[in-house]
Amino acid sequence: MRLILQCARAYSLPVTVMSWLVAFVYGGVNGGGSPNIAAGLLALAGIACAHLAANLFDDYFDYKYQPFAQECKCALIKDGTVSHGFYLKCAIGFSAAACAVGAILTAIAGGKVILLMLAGAVIVLAYSPLSRICLGEAAILVAFGPLLFEGVYYVMTGGFSAELLLISLSVVMISEGLIYTHMLLDTQGDKNVHKKTLCVILKDKAPVLLYIFYALGFVFAGVLGAWPVFLSLPLVIKLCRDLRVKDPHADFYPLFFQARNIITYFALLMVMGILL
């Protein structure tokens, strides 16, 4: 199982868990009546499986089209630890698990869950081709924003929330910061496999978009009055500075983990704001 999680880049799961946590706490506090806590917890399992499936499909297709171009991905295939097909089998397995969870949630919460599942399935299967035509960031914006937040809230309460939608926009911009940092660090690899990410298109100006993502996250938080999240701002400033002075290839994981810490602390502080 450890090998499977390594292939699936499980180190990226905190972005899913922390985003889910904000929606889960909001649903528990503001859902009214008796929110279905069990359904909310089950949703995390389904979302996490879908996330890991998307990572595996992405790496599978990258290696299929340009097997020796990517420097940072598919190392376990290149060193012979696993086969290329192993990635596909794991991706299908995680997808099946996500569908099984979705079927249970449909029985609990109703038919609208199917529509949420279909939207998620499209993003999981289409993320790799979308990332080749400069739409990967848009897919992430939908998946980790309104779809995740409103989906969790729906299975817990049977409804949707306009306020949670605004919260989702705040948190997803910080999540975009994490994913975009990954893309910045992997720009050369994406060029090698002919991916048209925003980083590749913008070239030297690419870091500016990272600043915009983070700025929007804090702007939305300010509109919400979620002032505790501003305690994470120094971490953002440090990351932006380090991205300018460090070697992306040599410092890939330290820089990525800095961005991962930002969404972790931002989400926890957002939860604090909700509880207060």
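Residues numbered from 1 in each chain as written. Predicted model: local features only at pLDDT ≥ 70, side-chain atom pairs only at ≥ 80, totals over all residues. Heavy atoms only, no water.

**A closer look at the pattern of salt bridges**
Argument step 1. Counted under the stated rule, the structure contains 4 salt bridges.
Argument step 2. Put simply, D58 and R9 hold a salt bridge, and the shortest N to O gap is 3.5 Å. You can see D58 sitting in helix α3 (residues 37-65) and its partner R9 sitting in the loop between α1 (2-7) and α2 (14-30), a full 49 residues away along the chain.
Argument step 3. Classification of D58 as buried rests on a relative accessible area of 4%.
Argument step 4. For D242, the salt bridge goes to K238, with nearest N and O atoms at 2.8 Å. With D242 and K238 both in helix α12 (residues 233-245) and 4 residues apart, this pair spans about one turn of that helix.
Argument step 5. Judged by relative accessible area, D242 falls into the buried class, the value being 4%.
Argument step 6. For K238, a relative accessible area of 36% corresponds to the partly exposed category.
Argument step 7. Among the charged side chains, a network of salt bridges with common partners joins R9, D58 and D59. (Salt bridge = Lys/Arg side-chain N within 4 Å of Asp/Glu carboxyl O. Helix = DSSP H or I, 4+ residues; strand = E, 2+ residues; numbered from the N terminus. Buried < 20%, exposed > 50% of the residue type's maximum accessible area, 1.4 Å probe, protein only.)

**Some remarks on the environment of I167**
Argument step 1. With respect to the element layout, I167 can be found in helix α8 (residues 162-185).
Argument step 2. Sequence separation of I167 and G273 is 106 residues, and the distance between their C-alpha atoms is 11 Å.
Argument step 3. Among all residues touching I167, those that are not within four sequence positions of it are V22, Y26, F149, L224, M270 and I274. (Contact = heavy atoms within 4.5 Å.)

**Some points on a nonpolar patch on the surface**
Argument step 1. A cluster of nonpolar side chains, contributed by V208, Y211, I212 and L216, occupies part of the molecular surface with about 300 Å² of accessible area.
Argument step 2. On the secondary structure map, L216 appears in helix α11 (residues 206-224). (Patch = residues over 30% accessible without salt bridge, like charges linked within 9 Å, V, L, I, M, F, W, Y side chains within 5 Å. Areas by Shrake-Rupley, 256 points an atom, 1.4 Å probe, with all protein chains shown as cover.)

**With respect to the packing of aromatic side chains**
Argument step 1. Within the structure shown, the criterion is met by 15 aromatic pairs.
Argument step 2. Ring centres of Y11 and F256 lie 5.2 Å apart, and the angle between their planes is 85 degrees; this geometry places the pair in the edge-to-face category. You can see Y11 sitting in the loop between α1 and α2 and its partner F256 sitting in helix α13 (residues 252-275), a full 245 residues away along the chain.
Argument step 3. Arranged with centres 5.1 Å apart and planes meeting at 80 degrees, the rings of F252 and Y253 form a pair that is edge-to-face. (Phe/Tyr/Trp six-rings, centres within 6.5 Å; stacked < 30°, edge-to-face > 60°.)

**Topic: the environment of E163**
Argument step 1. With respect to the helices and strands, E163 occurs in helix α8.
Argument step 2. Measuring from C-alpha to C-alpha, the distance between E163 and V142 comes to 16 Å, with 21 residues separating the pair along the chain.
Argument step 3. Setting aside chain neighbours within four positions, we find E163 in contact with Y26 and L224.

**Here's the deal with α8**
Argument step 1. A rise of 1.5 Å per residue sets the reference length of α8, with its 24 residues, at 34 Å; its end C-alpha atoms lie 35 Å apart and thus fit the reference within 8%.
Argument step 2. Within α8, 19 of the 24 residues are buried, leaving the element largely enclosed by the surrounding structure.
Argument step 3. Taking the backbone nitrogen of E163 as reference, a side-chain oxygen 3.4 Å away marks S161 as the first, capping residue of α8. (Expected span 1.5 Å × (residues − 1). Polar contact = N/O pair within 3.5 Å; in protein donor to acceptor, adjacent residues only side chain to side chain.)

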